[in-house]
Amino acid sequence: MIETPQRLIRDRLLAVGLCGIFTLSSTAIPDLYAQDYPPDITRGKAVYQHHCQDCHGLTGRGDGPAATSLKVPPADFQRFRSFLKSDEELLRTIEHGVVFSPMHSWRGQLTDGEMQDVVAHIRLLSQQAR
């Protein structure tokens, strides 16, 4: 089969058009992840109350009912040191825990969205102290 100039042009235009459609479809409909949505402080409070409050306390001072039995005290979110931590640092701590402390990993128990919601609630607690 002999390639004619018209056929070469048609094939190349078809290839360029398909590439354009593929590029358009991959950028026009973005993947949606939990971090694409703003954190929900109300959900964060509920998750905090259910999973974190026993150690960190109602106001985040690290004075929850279980805190007295821990060898390493829980973080006090109202201290300036906690206020200075980035959201990424807080998320990493929630996700992976803290070695040699009672703060265990919540990966697999909380969704990414729930962890982000808890960080939003922790931010609220730390700002209330200021």
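Quantities reported herein were computed from a predicted structural model and do not represent experimental measurements. (Residues numbered from 1 in each chain as written. Predicted model: local features only at pLDDT ≥ 70, side-chain atom pairs only at ≥ 80, totals over all residues. Heavy atoms only, no water.)

## Considerations on the overall build of the protein chain
Part 1 of the reasoning: Tallying secondary structure elements over the protein chain gives 6 helices and 0 strands in all.
Part 2 of the reasoning: Across the 130 residues in the protein chain, those meeting the buried criterion constitute 25%.
Part 3 of the reasoning: Put simply, the protein chain shows about 9,400 Å² of open surface, and 62% of that area lies on carbon and sulfur atoms. (Helix = DSSP H or I, 4+ residues; strand = E, 2+ residues; numbered from the N terminus. Buried < 20%, exposed > 50% of the residue type's maximum accessible area, 1.4 Å probe, protein only. Areas by Shrake-Rupley, 256 points an atom, 1.4 Å probe, with all protein chains shown as cover.)

## Digging into the confidence of the model for the protein chain
Part 1 of the reasoning: When pLDDT is averaged along the protein chain, the result is 83; 71% of the residues meet or exceed 70.
Part 2 of the reasoning: Least confident of the elements in the protein chain is helix H1 (residues 5–28), whose mean pLDDT is 56; most confident is helix H3 (residues 53–56), at 98. (pLDDT = per-residue confidence, 0-100.)

## Some details on the packing of helix H5 (residues 87–96) against helix H6 (residues 112–128)
Describing two packed helices takes the angle between their axes plus the distance from one axis to the other.
Part 1 of the reasoning: Between H5 and H6, the least distance of the axes is 10 Å, while the angle of their chain directions is 125 degrees. By the angle class used here, H5 and H6 are oblique. For the pair H5 and H6, the crossing hand works out as right-handed. Contact residues: H5 offers Asp87, Leu90, Leu91, Ile94 and Glu95, while H6 offers Met115, Gln116, Val118, Val119, Ile122 and Arg123.
Part 2 of the reasoning: In terms of residue class, the contact of H5 with H6 is built from 7 nonpolar, 1 polar and 3 charged. (Axes fitted to C-alpha atoms, helices over the stretch in contact; angles between N-to-C directions. Parallel < 35°, antiparallel > 145°, perpendicular 65-115°, else oblique. Left-handed = near helix turned anticlockwise from the far one by under 90°. Contact = heavy atoms within 4.5 Å. Nonpolar A, V, L, I, M, F, W, Y, C, P; charged D, E, K, R; others polar.)

## A word on a nonpolar patch on the surface
Part 1 of the reasoning: Taken together, the side chains of Phe80, Phe83 and Leu84 make up a nonpolar region of the molecular surface, amounting to roughly 310 Å² of accessible area.
Part 2 of the reasoning: Secondary-structure assignment places phenylalanine 83 in helix H4 (residues 80–84).
Part 3 of the reasoning: We classify phenylalanine 83 as partly exposed; its relative accessible area is 31%. (Patch = residues over 30% accessible without salt bridge, like charges linked within 9 Å, V, L, I, M, F, W, Y side chains within 5 Å. Salt bridge = Lys/Arg side-chain N within 4 Å of Asp/Glu carboxyl O.)

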